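# Structure assessment
Residue-level listing of the chains:
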Amino acid sequence: METKPLFKNLSLLCLFFIMVGCASTNRLTMTVTEPAPVTIPKNITRVGILNRYDQRSTDVLNKIDEVFSVEGKHFDKDASDKVIAGLSDVLKQQDRFDVVIVNDSLFGTNRTSNFPATLAWDTVDKLCQKNNVDALYVLSYFDTDSKISYSTKQTFTQNVLGVKIPVLEHHATANTLIKGGFKIYDPTNRFVLDAFPFSKGIVTSGKGINPVKALEALRMRKDLVMDASRLIGENYALRIEPYRIRVSRDYFVKGTAQFEIAKRKAQTGNWNGAALHWERELDNPKSKIAGRACYNMAIINEINGDLNAAIEWASKSYSDYNNKEALRYLNILKYRASQNQRLVQQQ
């Protein structure tokens, strides 16, 4: 009687391996290039960067920073300047624009957690003309919101005699949320090219034998927030650059001996060799096999960068042979083709 659970588990395990062994598809991954999230018109060659953060609006509300006297009351202003510095440096490194820092306190905005009103286009025109730029990157709003939690717990320490004695240990944790948003203004076309909110959490903690020692251990917060703020600006500058990602695709490996041979060649990286065996099954009298062959021909054409041919093969697999997987894949290919059109325009 005690052996029944063992036989049951073995049966389930065998069933699992049978199912895996009989899988009709394998998965491959490939690298594809996606267009930049933001497209900058080619006529824009010189950009200005404006920080709308207004220090005057936060002097009263910024009391949490007074806990950390080493930070000073200009903590948020310093952090917003780090964002601007990170953005400016990476834009310059891209060697695509001349970059100008626009210093104009007249366009500061009150402390807010959302985008303020969009700048009037007459205002944008004047700023661009005054600074001889074609477009404006604007840090529309910025804030660091900190919350401190405090607790104690009993622990033990040794006195000079080596005797363990109970002590009260103080713990302090600061959760700082950096939040803000960018906009890019194109005055020529009267169009906001991008409106991008951001947020980043920073957690710092400290402990000590008294509350003061615990709070002192939190002083690393300033450096962490400044570094994170600069990184926010650097990352935003990359939104005008194409980027590469890994994607996965399933392809058929079962059906005939030709698919088995093609599977082994694909596993060694010989995809064109595998395609020769898929081609031999395109006229197979069994619609299921022919449909899989057409599908796999779409795969090899995508691998080789011919999306138009890939779309034709995926369409044939679905329309002529009712391969349901081909319809899903066809939609993926069409999306990639539209993304490639954007990529060509950006380049």
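For the structure, see preceding data.
Report follows, based on the coordinates. (Residues numbered from 1 in each chain as written. Predicted model: local features only at pLDDT ≥ 70, side-chain atom pairs only at ≥ 80, totals over all residues. Heavy atoms only, no water.)

We now examine helix α2 (residues 75-93). Residues spaced three or four apart along an α-helix point in a common direction, a consequence of the helix completing one turn every 3.6 residues. Its 19 residues place the ends of α2 27 Å apart at the C-alpha level, agreeing with the 27 Å of an ideal helix rising 1.5 Å per residue. The set of residues buried in α2 consists of F75, D76, A79, S80, V83, I84, G86, L87, S88, V90 and L91. At the exit of α2 stands D95, carrying a positive phi of roughly 55°. (Helix = DSSP H or I, 4+ residues; strand = E, 2+ residues; numbered from the N terminus. Expected span 1.5 Å × (residues − 1). Buried < 20%, exposed > 50% of the residue type's maximum accessible area, 1.4 Å probe, protein only.)

A separate point is the nonpolar core. As a rule of thumb, nonpolar side chains are buried together in soluble globular proteins. If you look at the biggest cluster of nonpolar residues, it comprises 32 residues, and the most contacted ones within it are I40, L91, F97 and Y137. Contributions of two or more residues to this core are made by β2 (46-51), α2, β4 (135-158), β5 (164-186), β6 (191-208) and α5 (221-237). At seven residues, α2 tops the list of elements feeding residues into this core. When sequence neighbours within four positions are dropped, the list of residues in contact with Y137 reads I40, V47, G48, I49, L50, L87, L91, F97, K183, I184, Y236 and I240. Formed by 31 residues, the second largest nonpolar core is a distinct cluster that contains F259, A293, A326 and L333. (Core = buried A, V, L, I, M, F, W, Y, C linked by side-chain atoms within 4.5 Å. Contact = heavy atoms within 4.5 Å.)

Take helix α3 (residues 121-131) next. Among the residues of α3, those classed as buried are T123, V124, D125, L127, C128 and N131. Taken from the residues just after α3, N132 is the one with a positive phi, measuring 55°.

The next thing to look at is the packing of helix α9 (residues 307-321) against helix α10 (residues 324-346). The interhelical angle for the contact between α9 and α10, taken along N-to-C directions, is 160°, at an axis separation of 8 Å. Viewed along their axes, α9 and α10 adopt a mutual orientation that is roughly antiparallel. Between α9 and α10 the crossing geometry is left-handed. Here L307, A310, I311, A314, S315, S317 and Y318 of α9 come into contact with α10, specifically with K324, A326, L327, Y329, L330, L333, K334, R336, A337 and N340. When the residues that make up the contact of α9 with α10 are grouped by side-chain class, the tally is 11 nonpolar, three polar and three charged. (Axes fitted to C-alpha atoms, helices over the stretch in contact; angles between N-to-C directions. Parallel < 35°, antiparallel > 145°, perpendicular 65-115°, else oblique. Left-handed = near helix turned anticlockwise from the far one by under 90°. Nonpolar A, V, L, I, M, F, W, Y, C, P; charged D, E, K, R; others polar.)

Our focus in this paragraph is the pattern of salt bridges. Counting across every chain of the model gives 12 salt bridges. Between E260 and K254 there is a salt bridge, with the nearest N and O atoms lying 3.4 Å from each other. Of the residues examined, K254 reaches a relative accessible area of 22% and is grouped as partly exposed. Residue R328 pairs with E325 through a salt bridge whose shortest N-O separation is 3.3 Å. Here the residue R328 and the residue E325 both occupy positions in helix α10, the gap between them amounting to three residues, near one helical turn. According to the relative accessible area criterion, R328 is partly exposed, its value standing at 39%. Of the residues examined, E325 reaches a relative accessible area of 35% and is grouped as partly exposed. Each of D89, R230 and E234 takes part in salt bridges that share partners, so that together they form one network. (Salt bridge = Lys/Arg side-chain N within 4 Å of Asp/Glu carboxyl O.)

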